[in-house]
Amino acid sequence: MRGPLGAVIGRYPSSDGSTQLGGIIRHNRKCRDVAFLVIFIAFWIGMIVNSSFGFNQGNPMRLTYGLDYKGNVCGDKHAKPGLRELELKYWQNPNQVYQSGLKNDQFKLVNARSICLLDCPSPSEDSLNWVCDYPEGDIRLSMADWIDRNYDYFEFLTPEMRNSSLQLQGPCYPVIFPSVNVYWTCQFIARASNMSLRHWQQMGGVKINEDIVMDKSIHKSINSRSAVLKRYMADIGKSWPVLIVCGGILPLFLSVIWLLLIRHFVAAMPWITVVLFNVLIVTVTMFYYLKAGWIGNDAVSPIIGEHDPYIHISGRELHHLRAVAVLMTFIMVVAVLTSIAIVRRILMATSVLKVAAKVIGEVQALIIFPLIPYGILAVFYMLWLSAALHLFSSGQVVQNNCNSNCCAYDLISKRVNCDRCCGYSIHYTPHIGVAILFHLFGCYWGTQFFIACSSTVIAGSVASYYWARGETSPEIPFLPVFSSMKRLLRYSLGSVALGSLVVSFVESIRFVLESIRRKVKVASHTPDSWMGKVLFHSSNCCLRTIEWIIKSVNRNAYIMIAITGKSFCRASTIATELIMNNIMRIGKVNVIGDVILFLGKLCVSLSSAVFAFLMLDTHKYRSAHNKISSPLLPVLVCWGLGYVVATLFFAVVEMSIDTIILSFCQDSEEHQGTAQYAPPLLIETLNDQNEMQRLTQGPQ
């Protein structure tokens, strides 16, 4: 049976009736859960090693640009020859592209001869244009002159070179089909130029296949799942100014404003929050409809730069945006209906928020304290994102192993070479996938750890205030926030590491099961597959529930860790007993306050998403070098970062309410149902004798 905690957390009456002044929430403390702190430190050593591998092996340019026939990344100024500004991948031989699109042919597009260009070539209306190989050997042209000549030096070729070119073996290849820049790849349009084709035939060139198979082959390669994933990751790298402004600075500003408004206009804030939330979620949904092309004519396009309006090419990104638009419509409807349902409860939320507003007014350092974990998380996320981009682009550029007949003229050896005709690709080993998963888990664990540390410090500060009866007392440190930080760093980091690990582990298991469920949904065609689907749906639902319970228990455990200095498991037990014993007292009051705070966090994160949409809609991110493939991932990342920042700052209110209520329950339990340390502040804020009686005595 758990005994009273008075000797640990406050003043308590002794056997002779006098009042003993125990050190408030700092008596008899010692280091807890040290083993998990060691595990956490070891894990971060592993994260450093893992990130170092990414920085050594990765090249974020690979996420955007393709490889040429020499294995160079287009746009790489360090390549041989230097390809600075030559960012577009162009397949020279149209027949190889055609061959790669045939169902029964073993030739792969990755082995087709490709070079890097500044712009996509187009056929001429009165002559035959050529695109020749990089100038080397007997071709005495600089790369700049080669570009100025539109990549054409056919007139300088020897008769032997001209003959091999007419056989589609280079070094020059005819421009028969128009092409357009699609995600830095020249997409053929299967509509040959009659004039160019006539010139080609008159010169005695071999037959060039005309079929829609060509552009379908390129389009299939561009829209493969791996290519789309790479583009999404590249979007993050290109939109880093948007992430800083909309994922960092804006939510910081909005969160501080929200806290100040709670401090001075607490009665109006629940109403403002609910109305603003509904406006923002409708706005974000409309932006998704706009970019999906269902409203207006501003749908995302894979084509970069100017093109003929009759050319229409779509990508997976557009389908993803439409799927998210449908999902957001459902979320919007549920959110609006839920907001209407809680309108009658908002007055209760106002009375609860008054508690936190009074505490913030007395312990004013709480408003600026979240700037410390915010700064730490900002540095952490910048380093993490940089390492993530390098990890996703890591791997070795190796020549493919193929038996295809793809001979080409070699300007160095001055002959047609068929020995090294296979193209290059990036070779990914299984350990790279493991490294990426490890890196993702590290991000989630690190985020949960820093949020938990912030929550624990806030809880310790508010508990100091409560157990001094809300008065300015010599027993309350002059700066309670920094005293709480000192206790955390000295005694409780291991407990916080354990709590954040539990949440991260459960979330990871849920993610794995969700991935398996999706694969079963796509791959299973057997009649009895519904059993597996039901199993995975049920397990996912259960894990979501468990995750929510664990997060709730963890939050209360951090409060008891701050108050008592106990280990994580012991603090969780104490918190759970207090909640279960007082569930009828605190349930309704606490839940509605949490709902309003959750809506407040969503308001900040949705505002980040709206401004991210607006920034990404500028010319900088819609064309040329910095064009992003889709606003989807940058907006979602800004949304997530905004929510994390809001969580750090809103924890001041959230943890203040929970700490006051748990302290009140503990106080009541130790003193036969009458709270001795409840400050006048608490009574004033609630200002409802009936509610106070219900909280103190419970249901009759």
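Treat the numbers as computed from the prediction; the structure is a model and nothing was measured.

### Concerning the environment of Glu 362
Here is step 1: Looking at the secondary structure, you find Glu 362 in helix H12 (residues 346-362).
Here is step 2: Separated by 100 residues in sequence, Glu 362 and Val 462 have C-alpha atoms that sit 9.7 Å apart.

### Details of the pattern of salt bridges
Here is step 1: Within the structure shown, the criterion is met by ten salt bridges.
Here is step 2: The salt bridge partner of Arg 149 is Glu 155, with a shortest N-O separation of 2.7 Å.
Here is step 3: For Arg 149, a relative accessible area of 30% gives the class partly exposed.
Here is step 4: Through salt bridges with shared partners, a single network forms among Lys 291, Asp 298, Asp 617 and Arg 622.

### A closer look at the confidence of the model for the chain
Here is step 1: Here the chain averages 81 in pLDDT, and 81% of its residues register 70 or above.
Here is step 2: Below a pLDDT of 50 lies the segment residues 1-24, which in the model reaches 53 contacts outside its immediate sequence neighbourhood of four places, other chains included.
Here is step 3: Confidence drops under a pLDDT of 50 for residues 523-528, and excluding neighbours within four residues, the segment shows two contacts in the predicted structure.

### Quick word on the packing of helix H18 (residues 568-581) against helix H20 (residues 632-670)
Here is step 1: In contact at an axis separation of 10 Å, H18 and H20 are set at 80° when each is read in the N-to-C sense. On the basis of the axis angle, H18 is roughly perpendicular to H20. Together, Leu 578, Ile 579 and Asn 581 of H18 and Leu 662, Cys 665, Gln 666 and Glu 669 of H20 make up the contact between the two elements.
Here is step 2: Its residues placed into classes, the contact of H18 with H20 shows four nonpolar, two polar and one charged.

### Some points on the packing of aromatic side chains
Here is step 1: Across all of its chains, the model carries 27 aromatic pairs by this definition.
Here is step 2: A centroid spacing of 5.1 Å and a plane angle of 65° characterise the contact between Trp 146 and Tyr 151, whose relative ring orientation is edge-to-face.
Here is step 3: Residue classification places Trp 146 among the buried positions, given a relative accessible area of 0%.
Here is step 4: Joined through ring pairs, the aromatic side chains of Phe 40, Phe 43, Trp 44, Phe 380, Tyr 381, Phe 438, Phe 441, Trp 445, Phe 449 and Phe 450 make up one cluster.
Here is step 5: Above the face of the Tyr 69 ring, Arg 113 is positioned so that its terminal group lies 3.7 Å from the ring centre.

### Some words on the pairing of strand E8 (residues 185-188)
Here is step 1: Of the two faces of E8, the one holding Thr 185 and Gln 187 and the one holding Cys 186 and Phe 188 are both buried throughout.
Here is step 2: Where strand E7 (residues 179-182) and E8 come together, four bridges link them in antiparallel fashion. The residue bridging Ser 179 from the neighbouring strand is Phe 188, located in E8.

### Structural notes on the side chain of Ser 500
Here is step 1: Tracing the sequence through the fold places Ser 500 in helix H16 (residues 480-523).
Here is step 2: With a relative accessible area of 1%, Ser 500 lands in the buried category.
Here is step 3: Within the structure, the side chain of Ser 500 is placed 2.9 Å from the side chain of Trp 445, a separation counted as a polar contact.
Here is step 4: Setting aside residues no more than four positions away along its own chain, Ser 500 makes contact with Trp 445, Gln 448, Phe 449, Asn 554 and Tyr 558.

### Here we look at the layout of surface pockets
Here is step 1: Roughly 1,000 Å³ of internal volume is contained in the second largest pocket.
Here is step 2: Lining the second largest pocket are 36 residues; nearest its centre among them are Lys 89, Ser 221, Ile 222, Ser 224 and Ala 227.
Here is step 3: Sort the elements by how many residues they give to the lining of the second largest pocket and helix H7 (residues 213-222) lands first, with six residues.
Here is step 4: Here the lining of the second largest pocket is composed, by residue class, of 15 nonpolar, twelve polar and nine charged.

### Here we look at the environment of Tyr 90
Here is step 1: In this structure, Tyr 90 sits in strand E3 (residues 88-91).
Here is step 2: With a relative accessible area of 2%, Tyr 90 lands in the buried category.
Here is step 3: When the C-alpha atoms of Tyr 90 and Asp 68 are compared, they prove to be 8.3 Å apart, with 22 residues separating the residues in sequence.
Here is step 4: Leaving out residues up to four positions away in the same chain, Tyr 90 has contacts with Arg 113, Ser 114, Ile 115, Leu 117, Pro 121, Val 131, Val 175, Ser 179, Cys 186 and Phe 188.

### A short note on the nonpolar core
Here is step 1: Residues Val 284, Tyr 288 and Val 653 are the most contacted members of the largest nonpolar core, which totals 121 residues.
Here is step 2: Ignoring sequence-local partners within four residues, the contact set of Tyr 288 consists of Leu 321, Val 324, Ala 325, Met 328, Phe 613, Leu 632, Val 635 and Leu 636.
Here is step 3: Listed in part, the 65 residues of the second largest apolar core include Tyr 69, Leu 117, Ile 139 and Cys 421.

### Brief notes about the state of the cysteines
Here is step 1: For the coordinates displayed, the defined rule picks out four disulfides.
Here is step 2: A sulfur-sulfur distance of 2.2 Å marks the disulfide that ties Cys 120 to Cys 186. For the disulfide bridge between Cys 120 and Cys 186, the dihedral angle about the S-S bond is near -100°, and by the sign convention the bridge is left-handed. Of this pair, Cys 120 sits in the loop between strand E4 (114-117) and strand E5 (130-132) while Cys 186 sits in strand E8, and the two are 66 residues apart along the sequence.
Here is step 3: The class for Cys 186 is buried, based on a relative accessible area of 0%.
Here is step 4: Linked covalently through their sulfurs, Cys 132 and Cys 172 form a disulfide whose S-S length is 1.9 Å. The S-S bond linking Cys 132 to Cys 172 shows a torsion near 100°; that makes this disulfide right-handed. A residue pair is termed long-range when its members are at least 10 positions apart, and Cys 132 in strand E5 and Cys 172 in strand E6 (residues 172-174) qualify at 40 residues. Considered together, Cys 132 and Cys 172 belong to a single accessibility category, that of buried residues.

Cut-offs used in this document
Residues numbered from 1 in each chain as written. Predicted model: local features only at pLDDT ≥ 70, side-chain atom pairs only at ≥ 80, totals over all residues. Heavy atoms only, no water. Helix = DSSP H or I, 4+ residues; strand = E, 2+ residues; numbered from the N terminus. Salt bridge = Lys/Arg side-chain N within 4 Å of Asp/Glu carboxyl O. Buried < 20%, exposed > 50% of the residue type's maximum accessible area, 1.4 Å probe, protein only. pLDDT = per-residue confidence, 0-100. Contact = heavy atoms within 4.5 Å. Axes fitted to C-alpha atoms, helices over the stretch in contact; angles between N-to-C directions. Parallel < 35°, antiparallel > 145°, perpendicular 65-115°, else oblique. Nonpolar A, V, L, I, M, F, W, Y, C, P; charged D, E, K, R; others polar. Phe/Tyr/Trp six-rings, centres within 6.5 Å; stacked < 30°, edge-to-face > 60°. Lys NZ or Arg CZ within 6 Å of the ring centre and 35° of its normal. Pairing = 2+ DSSP bridges. Polar contact = N/O pair within 3.5 Å; in protein donor to acceptor, adjacent residues only side chain to side chain. 1 Å grid on protein atoms, 1.4 Å probe; cavity = no way out; pocket = protein on both sides within 12 Å on 5 of 7 lines; lining within 4 Å. Points joined across faces, edges and corners; volume = space filled by probe spheres on them. Core = buried A, V, L, I, M, F, W, Y, C linked by side-chain atoms within 4.5 Å. Disulfide = S-S within 2.5 Å.

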